[in-house]
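Summary of the model geometry
Residue-level listing of the chains:
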Amino acid sequence: MDETAKKNILRQIPYGLYVIGVKDGASHHAFTGSWFSQCSMKPPRVMLGVRHGTHSLDMIRHGKVFSVNWMSKDDKKVLEQFFKATPASGDRFGDLTYRIQKTGAPVLDKALSYIECEVIHIHEAGDHSIVIGEVVNAELRSDQPPLVMGDTPWHYGG
Ligand SMILES: Cc1cc2nc3c(=O)[nH]c(=O)nc-3n(C[C@H](O)[C@H](O)[C@H](O)COP(=O)(O)O)c2cc1C
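A few points on the structure. (Residues numbered from 1 in each chain as written. Predicted model: local features only at pLDDT ≥ 70, side-chain atom pairs only at ≥ 80, totals over all residues. Heavy atoms only, no water.)

1. Describing the nonpolar core
Ile20, Leu48, Ile60, Phe66 and Val131 are the most contacted members of the largest nonpolar core, which has 17 residues in total. Contacts of Val131, omitting those with residues within four sequence positions, involve Val46, Met47, Leu48, Val50, Leu57, Ile60, Phe66, Val119, His121 and Ile122. Within the second largest apolar cluster, 15 residues are counted, among which are Tyr15, Leu17, Ala111 and Met149. (Core = buried A, V, L, I, M, F, W, Y, C linked by side-chain atoms within 4.5 Å. Buried < 20%, exposed > 50% of the residue type's maximum accessible area, 1.4 Å probe, protein only. Contact = heavy atoms within 4.5 Å.)

Quick look at the structure:
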């Protein structure tokens, strides 16, 4: 196989960019995710690709819930914050405020919209797991178009 072609073609898959909120007991965490899609209409289910070895995947396994936060095109810095390692202070959220809604997963106050999901299945897929969640809460807060991968110079995968 032509490795360069494979990488460049896979990078042309159009992706969104989301802050995925997770929890384990009383602790809350979040990461930037792009491998996200709806995968069932009835029941309403979505899937996430989550990398093995991340704190987030451990928390999803234990907490069994997650939120998906759509962010504004002005919020690149927020996405950056959640793909970098947690600062030594341990303060993952910094100045960003969040609230607990239905599932206990953190929902960012700045999110344009969000959904909350309960984890139904986790399948190993290679170096990531596919996490399937059922949508149990949704709030459309704004009609503004959200930030997507194509608005940034970033890539994930390939
Ligand atoms: C543009 C971009 C998109 C990303 N998409 C994903 C993704 O879909 N799934 C994933 O597991 N990690 C993704 N990441 C990496 C995580 O955001 C990053 O590993 C994060 O620090 C994980 O946090 P944790 O180890 O504290 O859980 C992405 C990173 C970038 C830069």
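2. What about the side chain of His128?
With respect to the secondary-structure elements, His128 resides in strand E9 (residues 128–140). A residue is classified by how much of its surface remains accessible, and His128, at 5% relative accessible area, is buried. Here His128 is in contact with Trp35, Gly49, Val50, Arg51, His52 and Tyr156, once residues within four sequence places are set aside. (Helix = DSSP H or I, 4+ residues; strand = E, 2+ residues; numbered from the N terminus.)

3. A closer look at the pairing of strand E8 (residues 113–124)
Consecutive residues of a regular strand have side chains that alternate between opposite faces of the sheet. Across six bridges, the pairing between strand E5 (residues 65–70) and E8 is antiparallel. Of the residues in E8, the one forming a bridge with Val68 is Ile115. One ladder, built from eleven bridges, connects E8 with E9; its direction is antiparallel. Within E9, the position partnered with His123 by the bridge is Ile130. Once E8 ends, the chain turns through three residues before running back antiparallel as E9, passing Gly126 with a positive phi of about 135 degrees. (Pairing = 2+ DSSP bridges.)

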